[in-house]
Amino acid sequence: MKTIPFHSSRGCLSYLLIDGGEAAVIDPSEEIQTEQYLSALKEHDAALKYVIETHTHADHVSSAPELLQLTSAKLVRHQNAPSVRKDIAVRGGERLALGESELTLLATPGHTDESISICTDEAVFTGDALLIGGTGRTDFQLGDSEALYDSLHTVLGTLDDTTIVYPAHDYKERTASTLGEERASNPRLALAHDAFIAEMDSHHPPTPDLFETAIAANSR
Ligand SMILES: [Fe+2]
């Protein structure tokens, strides 16, 4: 499966996955010109089959509506996502065929109550559950530090160290790490249960730019 990352100037990451003439886009953002996704699809002669949101983003506006209008792709979201449209509502455990391969969806709540991760044979797209060297915050959007601990250690804990990690954000222009590297060096993953809960429950970074605009647009 081919993975093409798209990095916005504000550190938002989205990805196009292509296999056997079919494609899925994960977390498309208005900060990337839609034409960039479309020309990558054309270049690889692939039809967009799925638009997948890892969760309701609070810091950028999704371009899922535009991509859905321009293609025959289906929108994949967790069943608890506030948006009305969910062509394929998932709760974790589902497998979606893509070309000759499959995408496996995992429920990884904690950053939000409707966060999902997407697995391929070699990689996991973690949304804001696991970031490179960090994790998503848990202090809004029905976040839950206990649930995030479980997602990071129990749900993602079943995956090998060699699994490539593709997060939804990175502010240092990185696009990928591995679970082994994160287990060895990510300070949030190093915290024991109680210390993790205490740190996350006291972590209140500034409200993101575009918060209200993004939540309203992405919940349609
Ligand atoms: Fe987020």
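Within each chain, residues carry numbers counting from 1 in the order of the written sequence. Residues qualify for local features only when their pLDDT is at least 70, as the model is predicted, and side-chain atom pairs are given and counted only at 80 or more; totals for whole chains, interfaces and linings, by contrast, use all residues.

Visitor: Give a description of the overall build of the chain that names residues and reports values.
Guide: Secondary structure counts use DSSP, requiring at least four H or I residues in a row for a helix and at least two E residues in a row for a strand, with both numbered from the N terminus. Within the chain one finds seven helices and 14 strands. Here the globule rule reads 2.2 Å times residues to the power 0.38, and the radius of gyration is calculated from C-alpha atoms. Computed over the C-alpha atoms, the radius of gyration of the chain is 16 Å, within 12% of the 17 Å expected from 2.2 N^0.38 for a compact globule of 220 residues. Out of the 220 residues belonging to the chain, those deemed buried represent 44%. Two residues qualify as a contact pair if the distance between their C-beta atoms, derived from the backbone, is within 7 Å. In the chain, once contacts between residues fewer than 6 apart in sequence are set aside, the share between residues at least 24 apart is 59%. We call a residue exposed when 12 or fewer other C-beta atoms sit within 10 Å of its C-beta, buried when the count reaches 20 or more, and partly exposed for counts in between; the C-beta positions come from the backbone.

Visitor: So what about unusual backbone geometry? Which residues, and what values?
Guide: With phi around 65°, Glu 173 is a residue other than glycine that occupies positive phi space. Position of Glu 173 among the secondary structure elements: in the loop between β13 (164–167) and β14 (177–178). For Leu 210, which is not a glycine, the phi torsion comes out positive at approximately 70°. A residue is classified by how many C-beta atoms lie within 10 Å of it, and Leu 210, with 15 of them, is partly exposed.

Visitor: Outline the pairing of strand β4 (residues 47–52), supporting the account with residue identities and numerical values.
Guide: Counting buried residues along β4, five of its six residues qualify, which places the element largely inside the surrounding structure. Looking down the strands as they point away from the viewer, one classifies a crossover as right-handed if the path from the first strand across the helix to the second runs clockwise. The parallel pair strand β3 (residues 22–26) and β4 is bridged by helix α1 (residues 34–43), and the resulting crossover is right-handed. Bridging between β4 and strand β5 (residues 74–78) involves three bridges; their strand directions are parallel. Within the sheet, the bridge partner assigned to Val 51 lies in β5 and is Leu 75. Handedness of the β4-helix α2 (residues 64–70)-β5 crossover: right-handed. For two strands to be treated as a pair, DSSP must find no fewer than two bridges joining them.

Visitor: Lay out the sheet that holds strand β6 (residues 88–90) with the relevant residues and their values.
Guide: With respect to topology, six strands assemble into an open sheet ordered β1-β2-β3-β4-β5-β6, the strand pairing being mixed. Looking along the sheet, the strands with just one partner apiece sit at the ends: β1 (2–7) and β6. Neighbour-to-neighbour, the strand axes of the sheet open up by a mean angle of 20°, direction not taken into account. Helix axes are fitted to C-alpha atoms over the stretch in contact, other axes to C-alpha atoms as well, and angles between N-to-C directions run from 0 to 180 degrees.

Visitor: Can you tell me about the packing of helix α3 (residues 145–155) against helix α6 (residues 193–201), naming the residues and giving the values?
Guide: In a packed pair of helices, the relevant descriptors are the angle between the two axes and the axis-to-axis distance. One can describe the packing of α3 onto α6 by two numbers: an axis separation of 9 Å at closest approach and a directional angle of 130°. Overall, the two elements α3 and α6 adopt an arrangement that is oblique. Handedness of the crossing formed by α3 with α6: right-handed. Counted together, Ser 145, Glu 146, Leu 148 and Tyr 149 of α3 and His 193, Phe 196, Ile 197, Met 200 and Asp 201 of α6 form the full contact between these two elements. Angles below 35 degrees are treated as roughly parallel, those above 145 as roughly antiparallel, those between 65 and 115 as roughly perpendicular, and all remaining angles as oblique. The sense of a crossing depends on the near helix, which, turned anticlockwise from the far helix by less than a right angle, makes the crossing left-handed and, turned clockwise, makes it right-handed.

Visitor: Outline the sheet that holds β13, supporting the account with residue identities and numerical values.
Guide: If you walk across this open sheet you meet the six strands as β7-β8-β9-β10-β13-β14, and the pairing is mixed. Each edge of the open sheet carries a strand with a single partner, namely β7 (95–98) and β14. Both strand β8 (residues 101–107) and strand β9 (residues 116–119) contribute to a ladder of four bridges, which runs antiparallel. Along β9, the bridge assignment pairs Leu 106 with Ser 117.

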